[in-house]
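# Structural description and commentary
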Amino acid sequence: MRLGGMCVLGFGALVGVGLCAAEAWAGTAEKAAKRPAWTTSRIQGAPQPPAPYRLVPAYPALRFRKPTCIELVPGAKRLLVTEMAGKVFSFPLEAQVKEADLIVDLQALLPGDLAGRNVSLFDAEFHPQYGDNRYLFVCYVHPGEGGHTRVSRFTLDGNAPPRAVPNSEQVIITWPSGGHNGGCLEFGKDGCLYISTGDGAGPNPPDGRTTGQDVSDLLGAILRIDVDHPAAGQAYAIPAGNPFVELKGARGEIWAYGLRNPWKFGIDVETGETFAADNGWESWEMVHRIVRGGNCGWPVMEGRAALRTEVKPGPTPILPPAIDHPHTEANSVIGGPVYRGAKLPGLAGSFIYGDYITGTIWALHADEDQSYSQTTLVDTDQRIVSFTEGAAGELYVLDYDFTGQIYELLPSDVPDTSASFPRRLSETGLFASLHTMAPAPGVVPYAVKVSRWLDGAKAERFAGIPGAGAIELAKSKDKRAVYPEGTVFAKHLTLPQTAGEPIRLETQILHYERGTWRPYSYFWDEAGQEAYLAESIGANRTLRVADPAAKGGVAERTWHVNAVNECRLCHNAESGFVLGFVANQLDRPALGGDSHAANQLVGLAERGVLASAPAVAKDDPLRLVDPHDPGQPLGDRARSYLHVNCSVCHQPGGNAIVSFYLRRDLPFDKLNTNKGTGIGTFGLSDAKIVVPGDPYRSILMYRMSKLGYARMPYIGSRVVDRRGVALVDEWIRSLEGPASGSGSAPITEGSVEAEALHSLVGGTRGGQPHESEIRTLLKTTSGALALAVRMHAGTLLGDDFKTAASLGAASATSDVRGLFEAFVPESQRRPTLGPNFDPEMILSRRGDLHRGKLIYFSDGARCRACHEIDDKSKSLGPTLAEINKKYPQPAELLSHVLRPSQKIDEPYAAYALATGDGQLLTGLIVEKNDREIVLKTAEKQIVRIAHEDVDELHKSDKSLMPDGVLSDLTAQEAADLFEYLRSLGR
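Residue positions within a chain follow its written sequence, with the count starting from 1. Only residues with pLDDT of 70 or above have their local features reported here, since the model is predicted, and side-chain atom pairs are shown and tallied only from 80 upward, although totals for entire chains, interfaces and linings are computed over all residues. Side-chain numbers come from the whole structure's heavy atoms, not from hydrogens or water.

### Focus: the sheet that holds strand S14 (residues 264-267)
For two strands to pair, DSSP has to find at least two bridges joining them. Under the scheme used here, helices are H or I runs from DSSP no shorter than 4 residues and strands are E runs no shorter than 2 residues, and both carry numbers assigned from the N terminus. Pairing is antiparallel across the open sheet formed by four strands, whose spatial order is S14-S15-S16-S19. The open sheet has two edge strands, S14 and strand S19 (323-326), and neither has a second partner. Averaged over all pairs of adjacent strands, the angle between their axes in this sheet comes to 15 degrees, without regard to strand direction. Taken together, the four bridges between S14 and strand S15 (residues 274-278) define a ladder with antiparallel strand orientation. From the neighbouring strand, Lys264 faces S15, where its bridge partner is Ala277. Only the stretch in contact is used when fitting a helix axis, every axis being a line fitted to C-alpha atoms; angles between N-to-C directions are given from 0 to 180 degrees.

Below is the structure:
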C-alpha cells in the first residue's frame, strides 16, 4: 500500500470526486448541518473467528527501554522488570502506576577501567526464601576479562521500594559469552537453581564451537547448582543427583544439554517438570521437555531434522522435542511459565510460550498418549521477550521494543461474528445506494489536500462514525488521534475512461474496533453492480481499458488488490495507522465547490465528525500544498508530493530499512539524501539519492521512473506517475548544485548524451525520427533516464516517442529496460517473474551454469552489489561461497532470496545510527568497543562514530537485502543464475 494506489486506505488522494459525494456537501456555507447518527453499520468483528485469548495493557502508563524479564516480587505486591542495558526496576501492582523504582544499575557498578563498556542483562530470579534472606540473582554479560556471562547474587534492603545493598554482589558462576548466551534463571521445587546457557557462538556456522554435544564445558545446556550449601571455597555446590557427576571430564553442573539458545524456560511449581523454548537455526524452533541427562540434539539435530551428522553425539541418547515449529510459523521462541493460576483455568498445567518475531502465543499441553500438542492462544503485534505468572493468576507478557510495555493475557471477550461479517459491500451499511454510491445517513464524504498516486484511479472518501461520537485529531507529534469505537474510513476507487463510464475497481475499508485497525477491500465485479470481500491474500483482475496506442484502441491491464499484510506495511503504529484523515490533509475547502464553503476542518467539526477543528498555520512545517498547482512554489509542491507518497516509510522510525527521510517538516539538508544506497546505483555515474541540479544521477528519480526491480514504491503501485516524475525532475533541476543552471538537460555539458538530448527535443529531422540520438541515449542509464523523463513529461511525441519506447523496452540492459516498460502494454512486456511468483517456476527448470555466469556478471543480477564470491573483506553480506554452503538445498537458497528478512543472522543485522548533528547511517556493526561504533554502510564504507556522537542506534527487523531481486528475470534466467550460484564453493 505504499502509495495508496491499490492499498487499503492509503488515504491520500482525491483528484476528482464522484458527483453524488460532492452533492452531499453541496451548498456548505457559513454553518454546516450536524450529521445524523450513523446507525446502519454492519462492519463489526472480523471475517475470521476471534482468537480464544487477547492481550490488554496491564500498566498502560508504564514503559521500559528494551526490557528483558519480568518477575513477581515475593510478598511485596510489586513486579520486577530488567532492562537489557543493566537496570533493574520494581513497581507497585497499581493499574495507573506511572514510574518504576530503580533497584540497581549494573552499568553503574562497573569499575573505572571499564567505564563506557556495556553490560547486557538477561534475567533475574528471587530466592525461594527471599522474605528471609533478600537474595536476588541476576544473569548478565560483564565486559571484564574480555567479556563473560555471569550469574550474580545481590542482597536487597528491606525497604519499599527495595534497593540493592551497596557492594553486595557475589559472583556465583560464569561461562564464556558469545552470540548465544542463554541466561534464564529458575529455582526448582528441589530448591536448586537451574540456569540456561547457549552454545556461545553466533548463528553461522551452526554451533561454531561444536559444543552442543560436549559435556566438558558449560555451554548449550541447562545447569543445576545448589546455592544454599556451597562447597568449600566456592559460591555453589554441585548436587549429588546431577547426571554427569561421575563422568570423567564432564562438568557436573550440567542437568541437560544439546541446546542452541534457550532464552527462557519454565518449571512447573506442582510437578517440577521443566520446558525450554530453544531458538533454532534455519528451519525449526523447538520446545523441549528437560529431563535429567536429557540430550536435546543440537547441533546433530535441529528439532527432528538431521543437521551436523558428523558431530559425535553426547553420552546420552538424543530426545526429540516436545513440539517444533517450522520457520513459517515461528522464528524466535520465548518460554514462559507452566501456568498454575486460577484466573485462566483453561490453561492449567500448560507451558506458555510465544515468538519474538511473529508475536504469536501458544500453550503446550500433554496428550493422553504422552505426546504433546499446542494451541494458538492469540496473534499479537508484540515483540515478546518474557512471561511471568502473578500471585492472583495473572499471566503477564513483556514486550521488548515495539512498545516496551507489560500486557496481561485474558480470555477473549470478542464474539464470533465471522458468519455475519458482511461479504458484500451492499451489506456493510456504508451506502444508501451502490448505484450512485450515495452514503448512508451519518456517513460523511471528505477529501484530502494532496493526492497520493493511485495508478491512475480516482477516489471518493467517506468517514463513518457510529452514534454521535467525534474524532479528536492529534494536536502534536507526541499525541495520537482518538477515534470512537467502530469508526470506518472508506475509499472507493474507479478508473476513468476516455469514453464511457469509469471502471469500478475496489472499495477499501479501514475499521477501528477494540483498539485495533483492520484493513479490508471489496472487489467490484466486472458489471460494476456489487463488490465482494477480497481474500486476505489479495486478488488480481484483468481490465480492458481504452488505449489509443494499443491495437484496436483497447489494452489489457492488471489491477491488484493488496494482501492485508501489504496494507499493514503502511498502516502501522509509527504512521498512526490512518494516513489521510489528518489535519494537514483535511485543511482545504469543503466539498461542494460553494464559494462560501467553510474550510473542510471547520466543516467537519460543525457536522460533528471532528471534536474540534485544529488550525494549520501557514508556517506549519507540515503544511501541504497541491503538487500540481503551478501557482505554488516548486519546492513546496515537490516536498508535499514526496511527503504524502513516500514518508510513511522514509521517516524516523519508519516501517522499513531507510537511510534517508522525505518528511515535509524536515529541511532539505536533514533528509540525508547526499549519498548512495546499498541497493546499487543502476549504472548511474557518481550517483546519490538526490544530486542537486542533476536528476539523472539521482537514484530517487530513477526508482520512481521505472517498473520492475527496485521500483518505488515497491508495494501499492504498478504504474508510473508521469506527472509526479515530471514534477520531481523539475524540482531536482532547480536545486542548488553542481549541475544547476544547465537548463533542461543537466547531463555533462558537451557529452554525446547532452548533444543527443538537445537534438532530440528540438523536433524531428525532416520528418524522420531521431533514432540515432535515441540509441545514443539508451547506451547509458543516465541518458535513458533523461529520455524516459521527457516521455513522461510529454515533451517527446510522435514517432520519436514510439521509437524510444520500442528500443528502450527491448534493451539488453535491465537497468535501462525497466525505464521503458511503462510505455509498453502489459501483453508486450518480457515475461519476467515480477514481485510474486511460485518458486516452482524456478525449481522445476534445469539451469545452465554458463548462461547463469553471464547473468551474474551482467547488470541483470543484483547479487554482486553486496555479495562477493569469496572475498569477505569486500562483501557487505556473507560471500556467495558461504551462502552456498549454508543453504545446500536449492529450495532453501531460493526461500532466503525471496524472504530475506525471515531469518537474519546477527552479524548481518541492519542498524540505523543517528548522530547528534542529524546524520543518518545504515549498515552492519563490525565493531563496538568502549570508544566507538564501527559501521559498514550499505555503500561498503567503514564509518567510525564515537559513542558520545551517537544520538540513537536502532536494530531493524528488516534485512539490508531488498525484496524482489529476481523480479526482472525470466523464470529460465533465474534458474540459470541459481545453477551458477550453487556451483560456487562446491
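### Some remarks on the nonpolar core
Joining through side-chain atoms within 4.5 Å is the link that ties buried Ala, Val, Leu, Ile, Met, Phe, Trp, Tyr and Cys residues into a set, and such a set is a nonpolar core. Each residue gets one of three labels from its accessible area relative to the maximum for its type: buried under 20%, exposed over 50%, partly exposed in between, using a 1.4 Å probe on protein chains only. Core analysis: the biggest nonpolar cluster contains 76 residues, and Val728, Leu787, Phe820 and Leu966 have the highest contact counts within it. Setting aside anything within four residues of it in sequence, one finds Leu787 in contact with Leu760, Ile774, Leu777, Leu778, Leu796, Ala804 and Phe820. Grouped together as the second largest cluster of nonpolar side chains are 43 residues, Ala58, Tyr59, Ile172 and Ile195 included. Note on definitions: a residue-residue contact is assigned when non-hydrogen atoms from the two residues lie within 4.5 Å.

### Re helix H18 (residues 971-983)
Under the convention used throughout, the expected extent of a helix is 1.5 Å for every residue step, that is, one less than its residue count. Along its 13 residues, H18 runs 19 Å from first to last C-alpha, staying within 8% of the 18 Å computed at 1.5 Å per residue. When we look at burial in H18, the residues that qualify are Ala971, Ala974, Ala975, Asp976, Leu977, Phe978, Tyr980 and Leu981. Check the buried side of H18 and you find it contacts helix H14 (840-843), helix H15 (849-857), helix H16 (880-886) and helix H17 (890-898).

### Describing the pattern of salt bridges
Take a side-chain nitrogen of Lys or Arg and a carboxyl oxygen of Asp or Glu: if they are within 4 Å of each other, that pair is a salt bridge. Following the criterion strictly, the structure yields 24 salt bridges and no others. The partner of Arg289 in a salt bridge is Glu273, with the nearest N and O atoms 2.7 Å apart. Taken as a pair, Arg289 in strand S16 (residues 284-290) and Glu273 in the loop between S14 and S15 lie far apart in primary sequence, 16 residues in all. The partly exposed category is assigned to Glu273, whose relative accessible area is 27%. A salt bridge links Asp665 to Arg663; its shortest N-O distance comes to 3.0 Å. With respect to class, Asp665 is no different from Arg663; both count as buried. One salt-bridge network, in which partners are shared between bridges, spans Arg54, Asp413 and Arg514.

### Remarks on the confidence of the model for the protein chain
With 90% of its residues at a pLDDT of 70 or more, the protein chain has an overall mean of 86. Values of pLDDT, which run from 0 to 100, indicate the predictor's confidence residue by residue. In this model, residues 1-30 is a region of pLDDT below 50 whose contacts with residues beyond four sequence positions or in other chains number 149 contacts. Confidence drops under pLDDT 50 across residues 740-745; counting only partners more than four residues distant or on other chains, this segment forms nine contacts.

### Some thoughts on the sheet that holds strand S9 (residues 170-176)
Taken in spatial order, the four strands of this open sheet run S6-S7-S8-S9, and their pairing is antiparallel. Edge positions in the open sheet fall to strand S6 (120-126) and S9, since each of these has one partner strand only. Sheet twist, expressed as the average angle between the axes of neighbouring strands with direction ignored, equals 20 degrees.

### Examining the packing of aromatic side chains
Stacked, edge-to-face and tilted labels apply to pairs of Phe, Tyr and Trp rings (six-membered ring for Trp) whose centres lie within 6.5 Å, assigned for plane angles under 30 degrees, over 60, and everything in between, in that order. A complete count under the given rule lists 28 aromatic pairs for this structure. Ring geometry for Tyr446 against Phe581: centres 4.9 Å apart, planes inclined by 90 degrees, an arrangement best described as edge-to-face. Of this pair, Tyr446 sits in strand S29 (residues 443-446) while Phe581 sits in the loop between helix H3 (564-570) and helix H4 (583-586), placing them 135 residues apart in sequence. The exposure classification of Tyr446 matches that of Phe581, with both residues buried. Between Phe801 and Phe823, the ring centres sit 5.4 Å apart and the planes meet at 80 degrees, which makes this aromatic pair edge-to-face. Linking Phe801 in helix H12 (residues 798-809) with Phe823 in the loop between helix H13 (814-820) and H14, this pair joins segments that are 22 residues apart in sequence. On the basis of relative accessibility, which here comes to 11%, the residue Phe823 falls in the buried class. Members of the aromatic cluster, each reached through a chain of ring pairs, are Tyr446, Tyr483, Phe489, Tyr512, Trp517 and Phe581.

### Considerations on the side chain of Asp399
Tracing the sequence through the fold places Asp399 in strand S25 (residues 395-399). For the purpose of counting charges, residues Lys and Arg are taken to be positive, whereas Asp and Glu are taken to be negative. His and the chain ends are not included. Arg383 provides the closest opposite charge to the buried, unpaired Asp399, separated from it by 6.3 Å. Counting of polar contacts relies on pairs of N or O atoms within 3.5 Å, with two restrictions inside protein: one atom must be capable of donating a hydrogen and the other of accepting it, and residues adjacent in sequence are counted only when both atoms are side-chain atoms. A polar side-chain atom of Asp399 sits 3.4 Å from the main-chain amide nitrogen of Asp401. Looking at Asp399, its side chain comes within polar contact range of the main-chain nitrogen of Gly404, at 2.8 Å. Excluding anything up to four places from it in sequence, Asp399 contacts Pro67, Gln382, Arg383, Val385, Gly404, Gln405 and Tyr407.

### As for the side chain of Arg711
Note that Arg711 resides in the loop between helix H7 (699-704) and helix H8 (722-734). Within the structure, Arg711 has its side chain in polar contact with the backbone oxygen of Lys706 (distance 3.2 Å). In this structure, Arg711 is in contact with Trp453, Arg703, Met704, Lys706, Ser717, Arg718, Val719 and Val720, ignoring residues within four places of it in sequence.

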